[in-house]
Every structure is written in C-alpha cells, then in structure tokens.
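# Examining the three-dimensional arrangement
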Amino acid sequence: MSKPSDLLQGTLDLLLLKILALEPLHGFAISVRLRQVSGEVLQVSDGSLYPALHKLEQEGWIKAEWKKSENNRRVKYYALTRLGRGQLERETAQWDRLSAAISHVIKLKEA
Amino acid sequence: MRMQHWLYKLPLRIRSLFRAGSADQDLNDEMQYHMDRLVQEHMAKGLPEESARLAAVRAMDGLEQNKEKCRDTRSVSVPLNLARDIRYAVRGLRKSPGFCIVAVLTLALGIGANTAMFSVVNAILLRPLPFPEPSRLVHLWEAPPDNPAKRNVVNPWNFLIWREHTHSFAAMAAVSTGELNLTGEGNPVALPSASVSADYFSVLGIPALMGRTFEPGDDTPGHDDKAVLSYGLWQQRFGGDPQIIGKSLSIDGRPVIVIGVMPQSFVVPGSSARIWTPMAITRDPGWGKGRYATVIARLKPGVTLAQAQQDMAAVARIEAALRPDYDRNWGALCFPMLQDVTGDLRLPLLVLLGAVGFLLLITCANVANLVLMRGAGRLREIALREALGASRRRIVQQLLTEGIVLALSGMAAGLLLTVLAVPSMVAMIPPSLALPRSESISVDGRVLLFALVISALTAILFGLAPSLRASRVRLHHVLRQSGQQIGATGNRRLRNAFVVMELALAILLCMGAGLLLRSFQRLISVDPGFQTANTVTMRIFTSPAKYRKASQRAEYVENILSEVRAVPGVEAAGSVHFLPLRGQVSRSCFGPPTREEPNPTRSPDAQFLIVSEGYFAAMQTPVIAGRDFDSRDAMGKASVMMVNQAFVRTFLPGQNPLGQSFSVCWNVPNPAQIIGVVADTRQKALDDAPQPTIYLPNSQVAMYMASLVVRAKGDPRQITDSAISAIHRVDPEQPVAAVETLDSVLDSSVSRPRFEMILLIIFAGLALTLSAIGVYGVISYSVQQRSQEIGIRLALGAQGSSLVKLVLKEALSLALFGLLAGAICLLFLTRVLSSLLFEVRPYDPLTLLGASMVLLTTAALAAFVPAFRATRVDPMLALRSE
C-alpha cells in the first residue's frame, strides 16, 4: 500500500457500490447516506464524490438515469448494474481479505 | 468479460464524443442540484443564505476543477481535447493576424527552402538508380601507382583480364564514349555515342523496347556492324519508324544495322549517348595500350562490396604479373555505381543542404520568439485556465497544438512555395552544369515526407520551449503581478538566446557565402593563358572510313583550316584535339630519344595535346622561345614537338629546351625535337594549375577528333555560319558539333561554383532577413516592456540620442554574442568549407570582417526603428499606464 489516498480511492468505490446496491440514489442522497451510515466517521468531500461516480459509470459498474424530483427538477439517479454487482462482490472479498489480514497483524501481542 | 465490458462502455464513449455539449449540460445540472441541496441543508441549520452558499462552494472544493475531473473520466478526452484545442488554436490565431502572417511566412520560407533543396538532393543523391536491383551495380576502375585511391579509366586488355579472373560479378561491360557521324538521310550529325562490350545492357538489366540489345558474339570483329538506338534518336531522326529494326545506317562512313531501340525510360546517369555500338575488344596489341574505358559490373547475388573489392585487388596482382611492363603497381578498384555517378556533387550538395538546414533553425528560433512574446501577453490567460482546473499537461498540450497548427499552415504554404519554386529552380540550373539526374528533380512522396517531418520537428522546436516555460508559471505570482512586467525577466534570457543563435547561424551563412564569393572572384580572375574574346569553337570528328590514313586526316584538317581562314572576318584558325576548360585531358609517357618505346611504368609522363599550325595564334597564347609549328613540319619530315613553360620548369630546369629530343609514347616511331616553348595555359579547368605539356603537330600525328578555334576580327557569331559552310565546302558530309564561343566555354566551366555561390548567397540573404526580423521583434518588445523606465528617464531629462544609444547597445551586444558563437562554429566547419574554396582560406580575414560588418549593420538597422520609437515615448503616458 502506498499513499493513504490510494486506500481511500479504492475504498470509496466499494462504499459507493455498496450503497447503490441497496437502492438507486442521486448524488446528494449518496453523500448524505455516506455520512449517515458511517456515523459521520467517513468524511467524503462532496468534491471527490462526483469524479468517483463518473468513473464508476464509465466503467459500466453503475448506470445513470434522469428522473424528475419532488419539486420537478431533473435529477440524476445512479443504480448498480449487473457488471457492478460482480465488481462489488470482488471488491468486498478483497476488502475482507485485506481487513482480516490487517486485524490479524494489529492483534499480535507484543513480545 | 473484457468484451462484455467494452460493449457496455462503447455507447457511453460515443455519446461523450459526439454529444459533448449535452453531456456537459448534464454535468452542470447534476452539480447544480447538489449545490442547491447543500445550500438548503446549510440554511436549514440556520445559516444566512449568503454564508450557506459560500459553505456549499467550499464543500465542493473547486466546482470547476471537479467538473474537469469528471470530464477526464470520459477517456475519449484525448481526441475530444485535441478537437477542442485545434478549434481554440485556430480561433486564437485568427485573433492575432499580424503574428500569424509573420510566423506562417517565416515558416513557409524555412520549410519551402529546405524542401526545395531536399528535392534536389533526393533526385541526385538519394533516389536509387533507374535499373533493377540497383544496389548490385558497381563501377570498376584502375588506380595509378602514385595514387592508389584515384579512379582511373581502364585499359581494354585489363578489362579482359578482369572479366576472366574475377568471381564476384554476374556480368561486366566496358564502355567508351565518343561521337559518331551519322550521314545519309538528312543533315550529317555528330551523335553522342557509346561503344560498349556485349554485356552492357544485361549489366544494367534493361531489355530493348523493340528488337534486341547486344548479345555475346556481337562484340567480335566482323559481327560488330550493329547499333542500338535511344528512344529520343529513334523519334527525332527516324520519326518513330516502326520498321526501323533491320535498317542500315551510314555511321562514320560504314554501314551498320539497327538491331534495337531502347525504351524512353532508359537513362544512364552521367551518359548522354544516343546510339550504342559494340566494342569489339580482342587480344590485338592495339587494345593493349591506353587507358580510356569505363567499366560497369553487376555483383553476383549475395556478394558484398568488400568481397568484390578484395577480388579486384587480387586481379590487380594477376594483371601486374601478366603484363609487368604495363601494369606494375597499378591497382583495381570497385565502387557502388550510385556513389560514383554523384561523386563530386555529394559534398557541395550536402553543404548546401546543411546551409538551408541552418535557415530552418533560424526560422524555428524566430517563430519560437514570436510565440514566447505572444505567450508573455497570455500568461494571465494561462494562469486563469490553470485556476479553473486545467492540468499542466493539458496546457502544454494546448500550446503545442497551437504550434502544430502554425507549423502545418507553414508547411502548407512552404509546400506551395516548393511546388512553384522547384520547376523554376530546375530551369535555373544551367545546362552546362551537367548535374547528373537533375532531370528527375521533382516533388515526390519522399520529399513530401521530408516536409512533414521537418514541419513536425519545427513545431516541436518552436512550440515546446515556450510551452514548458508557460506551464511553469506560478499562479498567484502572475495574477498578482501587474500586466507589463509579466514574463519580462524570465523569458528575456530565453528570447535573447534565440536571437543570438539566429545571428550566429546567419553569420555562418554570410561567411560561407562571402568565402564562396571571394573564391569565385579568384577563380574568374585566373588567367587561363589564352584570350577568349572574339573566338568561336566547333568540333569535328573525322570519318575513319574516308580518312583512314593519318596523312589523309592531316591533309583534311589542313584543308578545312585554310578554307576557314579564307572566310572574310576571320583573323586566325587552328585546331586542338581537346579544347581547354572542358575537363578533358590526355597524358603520355616520354623518355630519352631512342628508337625503343619508353617503358610506361618507369618513365615520366606529361599532358599532351595535338594542335595544328595556327592554334596558338588563334588562342593568342604567346610563343616564348623558338618557333610555332608551320609548313616545315609536314608528314614525313623531321618529328617536332613544342612544350610549355611548366614542362621546362619540371623536366629541363636550367637547360635550353630548344633542340632537345624525346621519344613520346603516343607517337613512338621517331624521337621528336623541341622547336618552341609556349606560355602556360590551363587545360582541365580554371582551378587546375598548368601541367607540364607536350604539344605535337596535327600535321604529323593527326587525330580523328579536332576542335577548331576560329578567331574573328569582330563578333565571332557573325562568322560562325560561314565557317561551317567552309567546312562543308571541303566535305559536305562532315557533321559539326559543339558550336560555341570561347567566352561561353569559359563561362560554362565555372557554372558550378557560380551556382553554388548564388544558392549560398540567397540562403545567406534569407538568413539575414529572418534574423533582422528576429532582432527587430525582440528589441521592440523590450522597448515596449521598458517604456515605463524610458518614460522616467525622459522625465528626468534624458536625451533622445542617449536612449537610441541605449537600445542600439542592447541590439549590438546581441549581435556581438552571435558573432562570437558563429566564429566558434566556423572553427568546426573549416574542413568542409575549404574543400569548396579556390585559393581562399576559410579564415580569410577580409571575408570574415566583411560578413561581420554586414551582420552588425543589419542588427543595428533592425534595432533602429524600435530605438527611434523609444524616443517618442510620452513620459506622462508611460508613467500613468500602470
């Protein structure tokens, strides 16, 4: 692992895929949901959210759809694709392996 | 998996490519919605709307940067950006037409001049010979004992030995060029011809268009009454007669059957032959003497040049063992045909290409400076774009795109220039220059590719430096700075470096042109040893069938000469077998006056010329001692010869030459006595010092070939026709060729150095003009930048003249640096240069001084306008402008 931002980058993709796996949401809602579910621990800046979303869209893991909002504005909703579901499974597995490994390391008793 | 992935991605990519506008609208909407919701959220927490908005913007940390990042995720952005950059570049360039016109014109000049020069180099040096598998074609030469690297023409017997004892060649042929008289139908004409051994056409690998070429057996005595015609001769002389094969022609008074016609495309570089006849070399002793044939050969497949050269070295030892008296210490050489055909043109052409390359560098520096100065004015714009999220790479990319658009426009204009210039340039090449292969100079694919490559290099050279410079801009630095000083300091050094480079290259070209000019002046002021004014010359080749005996030929030429001398207006007339200044020389060995033939490998040799009575009078070459040839020296009388002063200096120093006798190999039977000494003349060329020369009288050793020299009392052109009629009164079938005034012979002999000089002067002039533009640009920009300072100086009472001095000093210091750099470069180029110079050293002080003065004056003139403008600065305006 190199820089912390790399970790964050990969992790952000995983979080976004997971959130969208639950239900289709628009960008702002995703940002709110991120804060809620992580108990305000994960501060994802609104700035880095959209480039990440667009990247996932370009990869074909999520797809976007324009819908009308409650007050009749055009809102872009993101939803997980079949490809994205596969990617989510792979990334989850990866994350599990990684976090298990790290937990294992940090639980080592000092000699 | 991968495939599926792409199937999904493709429509998205296509969408962003073709509907970039609507995709951007979507992006805006999406971001705006997010912002609005953020503001709402903040306001719900009790913040006033103003602060809520600000907080939202801050949360997005850079709305525009983020949008750009989102756009970057669409990975088609490279073509997308390119298209946008090109649009933007064109729009930007259109907005500054002045900059554009100067830049494109400069580029067009640089690229055009280079492409035109390259098209010449391409046609002459690079394009393969027009024969199948041209790389296997070679020339074979003998090498004289005193210079084992010199290409010497070949003795026919040695050719036979080579053909028998070498193993590297698939085929080998001997060629001897000359002239043939074609009589019969129509006017008698002298045709440039080549007599060739049977394999000539199979070495070159070109079959006949009609009929056949020579076959083994055609070059044996008794079977050699055959001829192959060139396409041009067939068309012009015989009207393309389809029944020409099998016809009998009268050539040099004997019947010859036409067996073939060559295709139109059959052009042998360096040969002007229009008719080919077999060269029936035999073991007859007549072929064993004299070196005059050229030998061509085709390497066997897979044989390398080095192997062939070893083979030739080995055969030289065989021939020396077989004929020690004739061939001892002679070598045998093998060179690629292309290299030999272009031979001595290679260096001058490469020098000119180098010179024009300098011109291109000057162009680059000039345009780079233009771009830099324009860039300085655009620093704010660039800073702004960076602030709005453009990455450094994107900015460099965009500036480079602008460079490429400029370079491509320059290339288009340059190519247009080339296409227009090349035909007139080819037309400008004097025919006397005899450039081999110049007929094929044209703009072909390779020339186009060359233009494209140099344009791309140019774009990178003039685009990259300023782009990198611009991309290193410190953001806040620029935005905070006041407009005037932006980029003034950092760029200045770079700009000045460019101008110094331009000036250095320009001074190099000026010095080169100056040196060639001086060398040319020296060359044409050389005294050839004869007077060219009022003299006309024409060549006759005596028919061997009609005038087989030497006495017949001697009488024939004497009859012609006396008939010509009787023409009104003719002052004197004489003949020589090789006219001076046409590059033709003949040599003969000589020895003590014994009845035995001097041994050629152990005797000294000298140039020899066979001249008639009256030749020296017609040439106005003074007889220094003794007497001229006259009627006493007839056939059968005591053998006589004359020599020149160089001969006396070299072989008879401190002795009285008159009365001494020598056996001359050319004319062995009787030793000849020296009856007179003439002044030195230049024979081969003006730059070839007078050689020790033996003159033999045509009345005793008549040649077939004779050039008449006819001196008129006035304009020689008025007596030309009557002189030709006089010849035809003696023999109506005698063709007369190469009718020319001696002035024009002299003129043609220096046409190559003149051509080189003119081209280099043109290049130097262009270089000076371009660097003057460069100096002008940099100095006026610097005056503009310093207008505030100048205003203050004026306000404090500075005189206009001191300001002019200030500005001129800046320009002259640049010029001096350029001069210095140029002089250092000259050190490295002297060796190349000196090979092109005649009696002028590359460090000729007068030339160097002259060129330096020209450069300094140009720089001063270029700086004068901006200097004058400086004195017109309104102090108040300058002080208030910030």
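What you see is a predicted model, and the numbers here were worked out from it, not measured in a lab.

### A word on the overall build of chain A
Each helix and strand in chain A was counted, giving four helices and three strands. Beginning at the N terminus, the succession of helices and strands in chain A can be written as α-β-α-α-β-β-α. For chain A, the residues scored as buried account for 23% of the 111 residues in total. The long-range fraction of contacts in chain A, counting pairs at least 24 apart against all pairs at least 6 apart in sequence, stands at 47%.

### Considerations on the overall build of chain B
On a plain count of helices and strands, chain B comes out with 28 helices and 21 strands. Its C-alpha radius of gyration of 38 Å places chain B more than 25% over the 29 Å reference for a compact globule of 882 residues. When the backbone C-alpha atoms are referred to their principal axes, chain B occupies close to 135 × 80 × 50 Å. Split into buried and exposed, the 882 residues of chain B put 42% on the buried side.

### Brief notes about the nonpolar core
All names here are of chain B. Counting 103 residues, the largest nonpolar core has Leu-509 and Ala-767 as the members making the most contacts within it. It is helix H13 (residues 346–377) that provides the largest number of residues to this core, a total of 17 residues. Residue contributions to this core reach at least three from each of two domains, namely domain 2 (77–132 + 343–481) and domain 4 (493–527 + 744–882). Residues contacting Leu-509, with those up to four places away along its chain left out, are Ala-355, Phe-358, Phe-763, Ala-764 and Ala-767. Among the nonpolar cores identified, the runner-up in size contains 60 residues, and Phe-530, Val-570, Phe-662 and Ala-712 belong to it.

### Some points on the pairing of strand S16 (residues 640–644) of chain B
Residue and element names in this part refer to chain B. Counted residue by residue, S16 has five buried out of five residues, so it is predominantly covered. Alternating residues of S16 divide into Val-640, Met-642 and Asn-644 and Met-641 and Val-643, and every residue in both groups is buried. The pairing of S16 with strand S19 (residues 693–697) spans two bridges and is antiparallel. Paired with Val-643 across the two strands is Ile-694, which belongs to S19.

### Overview of unusual backbone geometry
Outside of glycine, negative phi angles account for most residues, and trans bonds account for most peptide bonds. Residues and elements named next belong to chain B. Positive phi outside glycine occurs at Asn-534, with the angle close to 60°. Here Asn-534 shows up in the loop between helix H18 (488–524) and strand S11 (535–541). Unlike most non-glycine residues, Gln-620 shows phi in positive territory, near 55°. You can see Gln-620 is positioned in the loop between helix H20 (615–619) and strand S15 (623–626).

### Some points on the pairing of strand S7 (residues 254–261) of chain B
All names here are of chain B. Across two bridges, the pairing between strand S4 (residues 210–211) and S7 is antiparallel. The partner of Met-210 across the bridge, within S7, is Val-261. Alignment of strand S5 (residues 226–229) against S7, held across four bridges, turns out to be parallel. Each bridged residue has a counterpart across the sheet, and for Val-228 the counterpart in S7 is Gly-260.

### Description of the sheet that holds strand S1 (residues 25–26) of chain A
Residue and element names in this part refer to chain A. Read across the sheet, three strands follow the order S1-S3-S2 without closing on themselves; strand pairing throughout is antiparallel. Edge positions in the sheet fall to S1 and strand S2 (62–68), since each of these pairs with one other strand and no more. In the sheet, S1 pairs with strand S3 (residues 74–80) via two bridges, with the strands oriented antiparallel. Within S3, the position partnered with His-26 by the bridge is Tyr-77.

### So, the packing of helix H26 (residues 800–834) of chain B against helix H27 (residues 845–871) of chain B
Residue and element names in this part refer to chain B. Where H26 meets H27, the axes come as close as 8 Å, and the angle between the chain directions of the two elements is 145°. For the element pair H26 and H27, the recorded crossing hand is right-handed. When H26 is examined against H27, the residues Gly-800, Leu-803, Val-804, Val-807, Leu-808, Ala-811, Leu-812, Leu-814, Ala-815 and Leu-819 are found in contact with a partner set consisting of Ser-852, Leu-855, Leu-856, Ala-859, Ala-860, Ala-862, Ala-863, Pro-866, Ala-867, Phe-868, Ala-870 and Thr-871. Residue classes in the contact of H26 with H27 are distributed as 19 nonpolar, three polar and no charged.

### Notes on helix H4 (residues 82–106) of chain A
With 25 residues, H4(A) extends 36 Å between its outermost C-alpha atoms, agreeing within 8% with the 36 Å of an ideal straight helix rising 1.5 Å per residue. Little of H4(A) is tucked away: two of the 25 residues are buried.

### Remarks on the packing of helix H24 (residues 751–785) of chain B against H26(B)
All names here are of chain B. Direction vectors running N to C along H24 and H26 enclose 140°, while the axes themselves pass 11 Å from each other. For the element pair H24 / H26, the angle class is oblique. The handedness of the crossing between H24 and H26 comes out as right-handed. Contact residues: H24 offers Val-775, Ile-779, Ser-782 and Val-783, while H26 offers Val-807, Glu-810, Ala-811 and Leu-814.

### Notes on the environment of Pro192(B)
Residues and elements named next belong to chain B. Inspection of the secondary structure assignment puts Pro-192 in strand S3 (residues 189–196). By the C-beta count within 10 Å, which is 16 here, Pro-192 ends up partly exposed. In this structure, the C-alpha to C-alpha distance between Pro-192 and Gly-178, residues 14 residues apart in sequence, is 6.0 Å. The contact partners of Pro-192, leaving out residues within four places of it in the chain, are Glu-179, Ser-272, Ala-273 and Arg-274.

### What to know about the environment of Val356(B)
All names here are of chain B. Among the secondary structure elements, Val-356 is positioned in helix H13. The class of Val-356 is buried, set by 26 C-beta atoms lying within 10 Å. Along the backbone, Val-356 and Ala-116 are 240 residues apart, and their C-alpha atoms lie at a distance of 9.6 Å. Not counting the four nearest positions on each side in its chain, Val-356 is found in contact with Ala-113, Asn-114, Met-117 and Phe-763.

### Some words on the environment of Arg522(B)
All names here are of chain B. Relative to the helices and strands, Arg-522 is located in helix H18. Separated by 65 residues in the primary sequence, Arg-522 and Arg-587 place their C-alpha atoms 28 Å from one another. Sequence-distant contacts of Arg-522, defined by excluding residues within four places in its chain, comprise Phe-838, Glu-839 and Val-840.

### Re the confidence of the model for chain B
All names here are of chain B. Looking at chain B as a whole, the pLDDT averages 86, with 92% of positions reaching at least 70. In the predicted structure, residues 483–488 sits below a pLDDT of 50 and forms 11 contacts with residues beyond four places in sequence or in another chain. Two numbers describe this predicted complex: its pTM, 0.75, and its ipTM, 0.80.

Rules used in this analysis
Residues numbered from 1 in each chain as written. Chains lettered and ligands numbered in written order. Predicted model: local features only at pLDDT ≥ 70, side-chain atom pairs only at ≥ 80, totals over all residues. Helix = DSSP H or I, 4+ residues; strand = E, 2+ residues; numbered from the N terminus. Buried ≥ 20, exposed ≤ 12 C-beta atoms within 10 Å, placed from the backbone. Contact = placed C-beta atoms within 7 Å. Rg over C-alpha atoms; globule rule 2.2 N^0.38 Å. Core = buried A, V, L, I, M, F, W, Y, C linked by C-beta atoms within 7 Å. Domains from an automatic or database assignment. Pairing = 2+ DSSP bridges. Axes fitted to C-alpha atoms, helices over the stretch in contact; angles between N-to-C directions. Left-handed = near helix turned anticlockwise from the far one by under 90°. Nonpolar A, V, L, I, M, F, W, Y, C, P; charged D, E, K, R; others polar. Expected span 1.5 Å × (residues − 1). Parallel < 35°, antiparallel > 145°, perpendicular 65-115°, else oblique. pLDDT = per-residue confidence, 0-100.

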